[in-house]
Amino acid sequence: MSSEPQVPRLTAVTRPLDRIPDIVALADPEQPLVWTRGDRGCVGLGETLRLTFSGPDRFAHAAAEWRRIAALASIDDPVGLPGTGLVALGTFAFDAGSAATSVLIVPRTLIARHRGSAWITEIRVTSAEASADQGSPILPETTPVRPWKGTTLGTRDAAGAPGVAAYLDGVERAGALITDGALEKIVLARQVSGRIEPDADLRTPISRLAEGYTDCWTFAVDGLVGASPETLVRSTGGAVSARVLAGTRRRHREDERADLRARNELLTSPKEQHEHAFAVQSVVTALAPHVRSLQTSEEPFPLQLPNVWHLATDLGATLSESSSALEIVGALHPTAAVAGTPTAAAIAAIAELEPFDRGRYAGAVGWIDAAGDGEWVIALRCAQVGPVDDAVRTVTASAGGGIVDGSNPEHELAETVSKFRPITDAFA
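Basis of the calculations
- Residues numbered from 1 in each chain as written.
- Predicted model: local features only at pLDDT ≥ 70, side-chain atom pairs only at ≥ 80, totals over all residues.
- Heavy atoms only, no water.
- Helix = DSSP H or I, 4+ residues; strand = E, 2+ residues; numbered from the N terminus.
- Buried < 20%, exposed > 50% of the residue type's maximum accessible area, 1.4 Å probe, protein only.
- Pairing = 2+ DSSP bridges.
- Contact = heavy atoms within 4.5 Å.
- Axes fitted to C-alpha atoms, helices over the stretch in contact; angles between N-to-C directions.
- Core = buried A, V, L, I, M, F, W, Y, C linked by side-chain atoms within 4.5 Å.
- Salt bridge = Lys/Arg side-chain N within 4 Å of Asp/Glu carboxyl O.
- Parallel < 35°, antiparallel > 145°, perpendicular 65-115°, else oblique.
- Left-handed = near helix turned anticlockwise from the far one by under 90°.
- Nonpolar A, V, L, I, M, F, W, Y, C, P; charged D, E, K, R; others polar.

Here the residue pair His 333 and Pro 334 is connected by a cis peptide bond, since its omega of -10° sits within 30 degrees of zero. When you line up the elements, Pro 334 lands in the loop between α7 (325-332) and β18 (340-341). Between Thr 341 and the following residue, Pro 342, the backbone shows a cis peptide bond with an omega angle of -10°. Residue placement: Pro 342 occurs in the loop between β18 and α8 (343-353). Although it is not a glycine, Ser 293 sits at a positive phi angle of roughly 55°. Take Ser 293: it is sitting in strand β15 (residues 291-296). Since its relative accessible area comes to 52%, Ser 293 is described here as exposed. A positive phi angle, close to 50°, is found at Arg 381, a residue other than glycine. Locating Arg 381 in the fold gives a position in the loop between β20 (374-378) and β21 (382-389).

In structure tokens, the structure reads:
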């Protein structure tokens, strides 16, 4: 009879800082661990603990394992703000059969800010030595950002991913499935890749994303770098919020009138409204068993990003039980915004029409604390930076679009080009 693996006992000590740190500047240049948006965010240095998960129960296993670790942790936290004390950052694969691992990473040091407050947390595996008073954590010095050589993404399709012609054909085939009644919506993605130097300083693309996409959460977790506009769930003290995006138009920043027309077309398009309704309903249905007092925006509103307009709906609710943010993420994933409707049929069609592993693209990325609170977004507008291989690192970016009745293949291709833009610009 096998026994349960021993749960590590962690000690987390949080202390306030007397100055606001530059989150991105403090990150490890080659293995950054970052979560930031405007005047909120954190950076992790080193690793005290790494938990890995896979398969269809990866979210449930992660939530259960984290609950056990948090229950045994010793936490000294006089600050008491969201993100203080024991915290893990994580990224989860889109598909249950993905070769990409899903991870929770507990950093050795976490430096964070929340508006006008900042703090530092040291996290260690509890031992006789660690239990002794070692004084307050010390803010590390920043290192100069190394010159960025960059890469051109989009000049070639990623290995194993379909080219433009194959993507257009996939949209046509998806449309036929919808016409035949097998699906109502399916999200098809494509991938492009490039290469960077093995010692490339990833703080440059992270900074570009954080500065250019202020309405998004910019993240870097285990090589997944991006800026997502779509909040899967934010859970704080029993309050839950989410933002659903579906329906897109390319921005025309050089032409104000054309840009306004694009926004108005998005708001009045039956096709886009139809796609958006699917996405909202999938989130409402998934949240319903876990929450009460669920409320949504009366009408979708246009979300303005530097590269695109999105139709958006905000949701708010109160947890009806002691579910953690990770358990809510598991209940919501995958939403219609990244898979389709009906979900099971859409995922099966994706496996047939999208002949590559999405990895962590369209999965979940975010953080969780000892109370089970946290913030998680859908991993969009992102790229996976691989390990060093043959003196280079590969960068693989993904982007997709929702196919519904009446979708035009050329329009869907153009939508992916717009959605690639944050990453192609960041890594250029």
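Past the structure itself, the notes keep going.
This part covers the sheet that holds strand β9 (residues 117-125). Adjacent strands of a sheet form backbone hydrogen bonds with each other and so pair up, either parallel or antiparallel. If you trace the twelve strands from one edge of the open sheet to the other, you get β5-β1-β9-β8-β3-β2-β11-β12-β21-β22-β10-β18, paired in mixed fashion. Both edges of this open sheet fall to β5 (74-76) and β18, since each of them pairs with a single strand only. The pairing of strand β1 (residues 10-16) with β5 spans three bridges and is parallel. From the neighbouring strand, Thr 11 faces β5, where its bridge partner is Ser 74. Contacts from α8 reach β10 (185-196) and β18 within the one sheet, and its direction differs from that of β10 by about 40°. Contacting β10, β12 (224-228), β21 and β22 (392-404), helix α9 (residues 409-427) crosses the sheet at an angle of about 150° to β22.

As a further point, take the nonpolar core. Grouped burial of nonpolar side chains is what soluble globular proteins tend to show. Counting 87 residues, the largest nonpolar core has Leu 86, Leu 89, Leu 104, Ile 186 and Trp 376 as its most contacted members. With six residues, the single largest contributor to this core is helix α6 (residues 270-287). The contacts of Ile 186, once residues within four sequence positions are left out, are Ala 174, Ile 178, Ala 339, Gly 340, Ala 346, Ala 349, Ile 350, Leu 353, Gly 401, Gly 402 and Ile 403. Judged by nonpolar contacts, the second largest core, of 39 residues, contains Val 34, Ile 111, Ala 383 and Ala 399.

Another point: the pattern of salt bridges. In the structure shown here, the tally under the stated rule is 23 salt bridges. Among the ionic pairs, Lys 271 bridges to Glu 272, the shortest N-O distance being 3.7 Å. The same class applies to Lys 271 as to Glu 272, namely buried. We note a salt bridge from Glu 354 to Arg 358, for which the minimum N-O separation is 2.6 Å. One network of salt bridges, in which partners are shared, links Lys 185, Arg 249, Glu 265, Lys 271, Glu 272, Glu 275 and Glu 412.

Another aspect to go through is the pairing of strand β6 (residues 87-92). Of all six residues that make up β6, six are buried, and the element is covered over most of its length. Bridge count between β6 and strand β19 (residues 364-369): six bridges; the pairing is antiparallel. Note on β19: the bridge partner recorded for Phe 92 is Ala 364.

The next subject is the packing of helix α4 (residues 203-212) against α9. The angle between the axes and the distance between the axes are what describe a pair of packed helices. Relative to each other, α4 and α9 sit at 135°, their axes nearing to 8 Å. Compared by their axis directions, α4 and α9 come out oblique. Crossing angle aside, the handedness with which α4 passes α9 is right-handed. Contacts between α4 and α9 involve Pro 205, Arg 208 and Leu 209 on the former and, on the latter, Pro 422, Ile 423, Asp 425, Ala 426 and Phe 427. Residue classes in the contact of α4 with α9 are distributed as six nonpolar, no polar and two charged.

Bringing the packing of helix α3 (residues 164-179) against α9 into the picture now. At a minimum axis separation of 9 Å, α3 and α9 run at an interaxial angle of 125°. In terms of their interaxial angle, α3 and α9 are classed as oblique. α9 is crossed by α3, and the crossing has right-handed handedness. Contact residues: Val 164, Tyr 167, Leu 168, Val 171 and Glu 172 in α3; Pro 409, Glu 410, Glu 412, Leu 413 and Thr 416 in α9.

Attention shifts here to the pairing of strand β17 (residues 308-319). Most of β17 sits out of view: nine of its twelve residues are buried. Inspection of the sheet shows strand β14 (residues 239-250) paired to β17 by ten bridges, in the antiparallel sense. Looking at the pairing, Ala 242 lines up with Leu 315 of β17. Sheet topology places β15 next to β17; four bridges connect them, and they run antiparallel. Paired with Thr 296 across the strands is Leu 315, a residue of β17. One ladder, built from four bridges, connects strand β16 (residues 301-304) with β17; its direction is antiparallel. Following the sheet pairing, Gln 304 is matched in β17 by Trp 309.

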